[in-house]
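Each chain, letter by letter, is given below.
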Amino acid sequence: MIAVTLAGAAVLAPAAACSSDEPAPGKIPQAADAAEPSSPPTPEPTHPFTGMPGSARRPVLAAKIENTSAGKPQLGLKSADIVYVEQVEAGLTRLMAIFSSKLPPKIGPVRSARISDMHIVPQFGRPAFAYSGAQTKMLPIIAQSSLVDVSDSRAPGAYFRQPGRYAPYNLFADTKKLLTQAPKATKAKDVGLTFGDAPEGGVPKKSFSVKYPAARFTFAWSESAKKWLIWQDGKKDMAAEGGQLGAPTIVVQYTKTERSEFHDLNQSYTPLVHSTGKGSAIVLRDGQAFKARWSRETEKDGTVFTTAAGEPMNFAPGQVWVVLASRTPVIP
């Protein structure tokens, strides 16, 4: 640190003789200006995905991440701004992680895209979208979707096989190389989320569970960590970087889920999650559960969450998990 000291030079003028104590012309003392009221400090800019301080708006990277025991522990999820949980074939789930405010060096295991992804990503503009393959008849849909394709076939140099894991659960990606291949990816913008103090009306909760046909999530509040720690299928959901996965805010967004036109080799249909429209939700934050409503008019719009009274449903600043669930899950 360089310190610069400015020394003021004193200028001495000869004292002028005065015949009276009156000030010289033009030197009449002026009344002190009334103190002007101070304006409130300008709030520090926050990130639209997390509500955390920071004015930088970096490109958005969306990535499909494996979420079965064979692909755990996942790498990079702790740095995601938003994590979506989606039902896929056989009643299992897969994740879509949204990165912008923080970018981990590597992410994975990276897996294939699903039709529901194409309906979620447009709210982020044209994000870079990392995935590994898709059904042949879905490729034209991906090509026409609002995204920059940085799959392993379009940006092969950004992907690598992680030693110690077996295919297809060993495909990982270098995030900087992914974004290098997507120079026109949209930067982070408002997607409808609001952050701040919790509203009234919360019900204290120690844990909350969400069931899919072949998967179960439990979110348990940790007062010491100020997060909802995540268990899946009765086991702690651990991160490859270390520690248990968790987030200050968990949103259980109840949606209409039905069979799509796509299915796997075992004739298990791919669920289609309808993320536009409106519906109910449970928002978990600060050890409480809040009943909420959600609405999203079009795919280009963000999802707005409100309280039962219609006020903005503030999230706790930090990572957000959006669990796309259904009160009547589609059976594979």
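Residues numbered from 1 in each chain as written. Predicted model: local features only at pLDDT ≥ 70, side-chain atom pairs only at ≥ 80, totals over all residues. Heavy atoms only, no water.

### Remarks on the pattern of salt bridges
So, point 1. Evaluated as defined, the whole model comprises 8 salt bridges.
So, point 2. Asp237 serves as the salt-bridge partner of Lys72, at 2.7 Å between the closest nitrogen and oxygen. Highlighted residues: Lys72 in the loop between β1 (61-65) and β2 (82-87) and Asp237 in the loop between β13 (235-236) and β14 (246-247), separated in sequence by 165 residues.
So, point 3. Taken together, the salt bridges that share partners define one network made up of Glu66, Arg94 and Arg111. (Salt bridge = Lys/Arg side-chain N within 4 Å of Asp/Glu carboxyl O. Helix = DSSP H or I, 4+ residues; strand = E, 2+ residues; numbered from the N terminus.)

### Here we look at the sheet that holds strand β8 (residues 171-174)
So, point 1. Pairing in this open sheet of 3 strands is antiparallel, and the strands run β4-β8-β7 from one edge to the other. In this open sheet, the two edge strands, each paired with only one partner strand, are β4 (106-107) and β7 (159-161).
So, point 2. Relative to β8, β4 is paired through 2 bridges, and the arrangement is antiparallel. When the sheet's bridge partners are listed, Ile107 is paired in β8 with Ala173. (Pairing = 2+ DSSP bridges.)

### Topic: unusual backbone geometry
So, point 1. Cis rather than trans, the peptide bond between Lys72 and Pro73 has omega equal to -5°.
So, point 2. The residue Pro73 is located in the loop between β1 and β2 in this model.
So, point 3. Omega for the bond connecting Gly108 with Pro109 falls within 30 degrees of zero, at 0°, which places this linkage in the cis form.
So, point 4. Its location among the elements puts Pro109 in the loop between β4 and α1 (115-120).

### Describing empty space enclosed by the protein
So, point 1. In the structure shown here, the tally under the stated rule is 2 cavities of 30 Å³ or more.
So, point 2. Of the voids in this model, the largest cavity is the one considered here, and its volume is about 110 Å³.
So, point 3. Mapped by element, the contributors of at least two residues to the lining of the largest cavity are β2 and β21 (320-325).
So, point 4. Counted by class, the lining of the largest cavity contains 8 nonpolar, 4 polar and 1 charged residues.
So, point 5. Within this model, the second largest cavity holds a volume of roughly 40 Å³.
So, point 6. Glu89, Ala113, Arg114, Ile115, Gln135, Met138, Phe262 and Thr270 are the residues that line the second largest cavity. (1 Å grid on protein atoms, 1.4 Å probe; cavity = no way out; pocket = protein on both sides within 12 Å on 5 of 7 lines; lining within 4 Å. Points joined across faces, edges and corners; volume = space filled by probe spheres on them. Nonpolar A, V, L, I, M, F, W, Y, C, P; charged D, E, K, R; others polar.)

### With respect to the packing of aromatic side chains
So, point 1. Throughout the structure, instances matching the rule amount to 9 aromatic pairs.
So, point 2. Centre to centre, the rings of Tyr166 and Tyr169 are 5.6 Å apart; their planes meet at 85°, and the pair counts as edge-to-face.
So, point 3. The class of Tyr169 is buried, set by a relative accessible area of 19%.
So, point 4. Here the aromatic rings of Phe217 and Phe219 are separated by 6.1 Å at their centres, their planes lie at 10°, and the arrangement is stacked.
So, point 5. Assessed through its relative accessible area of 0%, Phe217 is described here as buried.
So, point 6. An aromatic cluster is built from Phe195, Phe305 and Phe315, whose rings are joined through pairwise contacts.
So, point 7. The lysine or arginine in question, Arg327, covers the ring of Tyr254, its NZ or CZ lying 3.7 Å from the ring centre. (Phe/Tyr/Trp six-rings, centres within 6.5 Å; stacked < 30°, edge-to-face > 60°. Buried < 20%, exposed > 50% of the residue type's maximum accessible area, 1.4 Å probe, protein only. Lys NZ or Arg CZ within 6 Å of the ring centre and 35° of its normal.)

### Brief notes about the side chain of Gln319
So, point 1. Position of Gln319 relative to the elements: it lies in the loop between β20 (304-307) and β21.
So, point 2. Under the relative-accessibility criterion, Gln319 is labelled buried at 12%.
So, point 3. A distance of 2.8 Å separates the side chain of Gln319 from the backbone oxygen of Leu77, its partner in a polar contact.
So, point 4. For Gln319, the side chain forms a polar contact with the main-chain oxygen of Ala80, separated by 2.9 Å.
So, point 5. Here Gln319 is in contact with Leu77, Lys78, Ser79, Ala80, Asp81, Val83, Gly246, Ala247, Pro248 and Thr249, once residues within four sequence places are set aside. (Polar contact = N/O pair within 3.5 Å; in protein donor to acceptor, adjacent residues only side chain to side chain. Contact = heavy atoms within 4.5 Å.)

### Section: the side chain of Asn314
So, point 1. Topologically, Asn314 is positioned in the loop between β20 and β21.
So, point 2. At 3.1 Å, the side chain of Asn314 forms a polar contact with the backbone oxygen of Asp197.
So, point 3. Excluding residues that lie within four positions of it along the chain, Asn314 makes contacts with Thr194, Phe195, Gly196, Asp197 and Arg285.

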